[in-house]
Amino acid sequence: MKIIFSFFLIFLICKQSIATDLWSIDKNISSIEFEVPVLFAKNVAGKFNKFDGFVSLDLSNQNNNKALINVSIDSLDLNYKRYKELVLSEVFFDVKKFPFGLIDTNNFKFNYKDNKINLVGELTIKGKSQKIPIDIEVIKLASELVQVKSEMSFSRNEFNIGSGNWQNTSILKDEIKINANIFLFKE
């Protein structure tokens, strides 16, 4: 699966025009975390340790801007360690059938002068895709290094994450919040 994704990335990169700037994720300092509210208990919180992706910016005509990020679901660390096996099982993420989550922004407009971007991305989990709003803040740290902070949320029930007894939102709430702190360097 990882080989297929790598070929997909190479195809997308080669397809881009010469005027495109390609930015890659610095995985050593970036983070992707999530939180699910729980009634009368500490929220379920975690982070993904393995992820990859890129941002491609067409600065000349703004027609082909794209960001693509994949997350390896089994790289998950949870604050409730004893439930990791359950969370990776078919009841929640079904990591054996669906090892990756994917966020694809398709095409978006970007202006270097404006550090806030509101866009719609396509989130794919467990073979299901849904468009979700993503709020992004871009902080230019150097000419070839930027920090991208983003927030998004989605319904776990829409993706069938937590089926059966877990479907009831009286204990485990429906909304999953994701916060990403991504550092991108220019290729």
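Before reading further, recall that the structure is shown in the block above.
Rules used in this analysis
- Residues numbered from 1 in each chain as written.
- Predicted model: local features only at pLDDT ≥ 70, side-chain atom pairs only at ≥ 80, totals over all residues.
- Heavy atoms only, no water.
- Helix = DSSP H or I, 4+ residues; strand = E, 2+ residues; numbered from the N terminus.
- Buried < 20%, exposed > 50% of the residue type's maximum accessible area, 1.4 Å probe, protein only.
- Contact = heavy atoms within 4.5 Å.
- Areas by Shrake-Rupley, 256 points an atom, 1.4 Å probe, with all protein chains shown as cover.
- Polar contact = N/O pair within 3.5 Å; in protein donor to acceptor, adjacent residues only side chain to side chain.
- Phe/Tyr/Trp six-rings, centres within 6.5 Å; stacked < 30°, edge-to-face > 60°.
- Pairing = 2+ DSSP bridges.

1. Section: the overall build of the chain
Within the chain, the regular secondary structure consists of two helices and 11 strands. When the helices and strands of the chain are listed from N to C terminus, the series reads α-β-β-β-β-β-β-α-β-β-β-β-β. In the chain, buried positions account for 42% of the 187 residues. Of all intrachain contacts in the chain linking residues separated by at least 6 positions in sequence, the fraction that spans at least 24 positions is 61%. Just so you have it, the chain exposes about 10900 Å², and 56% of that area is on carbon and sulfur atoms.

2. What to know about the side chain of Thr 105
Tracing the backbone through its elements, the reader meets Thr 105 in the loop between strand 7 (100–104) and strand 8 (116–125). Judged by relative accessible area, which is 6%, Thr 105 ranks as buried. Here the side chain of Thr 105 touches Ala 67 through a polar contact of 2.7 Å, landing on its backbone nitrogen. Beyond its immediate stretch of four places on either side in the chain, Thr 105 contacts Lys 66, Ala 67, Leu 119, Val 120 and Gly 121.

3. Looking at the packing of aromatic side chains
Across all of its chains, the model carries three aromatic pairs by this definition. Each ring, one from Phe 34 and one from Phe 48, has its centre 5.7 Å from the other, and the planes form 35°; the classification is tilted. With Phe 34 in strand 2 (residues 31–36) and Phe 48 in strand 3 (residues 44–48), this pair connects stretches of sequence that are 14 residues apart. Both residues of the pair, Phe 34 and Phe 48, count as buried.

4. Structural notes on the side chain of Lys 66
Mapped onto the secondary structure, Lys 66 falls in strand 5 (residues 66–72). For Lys 66, a relative accessible area of 12% translates into the label buried.

5. Considering the pairing of strand 7
Judged from the five bridges that link them, strand 5 and strand 7 form a sheet pairing that is antiparallel. From the neighbouring strand, Val 71 faces strand 7, where its bridge partner is Gly 101. In this structure, strand 7 lies alongside strand 8, joined through three bridges in antiparallel fashion. If you follow Leu 102 over to strand 8, its bridge partner there is Thr 124.

6. A few points about the pairing of strand 4 (residues 51–58)
Most of strand 4 is tucked away, with seven of its eight residues classed as buried. Pairing of strand 1 (residues 20–25) with strand 4 involves five bridges; the strand directions are antiparallel. Looking at the pairing, Trp 23 lines up with Val 55 of strand 4. Here strand 4 runs beside strand 5; their pairing, made up of six bridges, is antiparallel.

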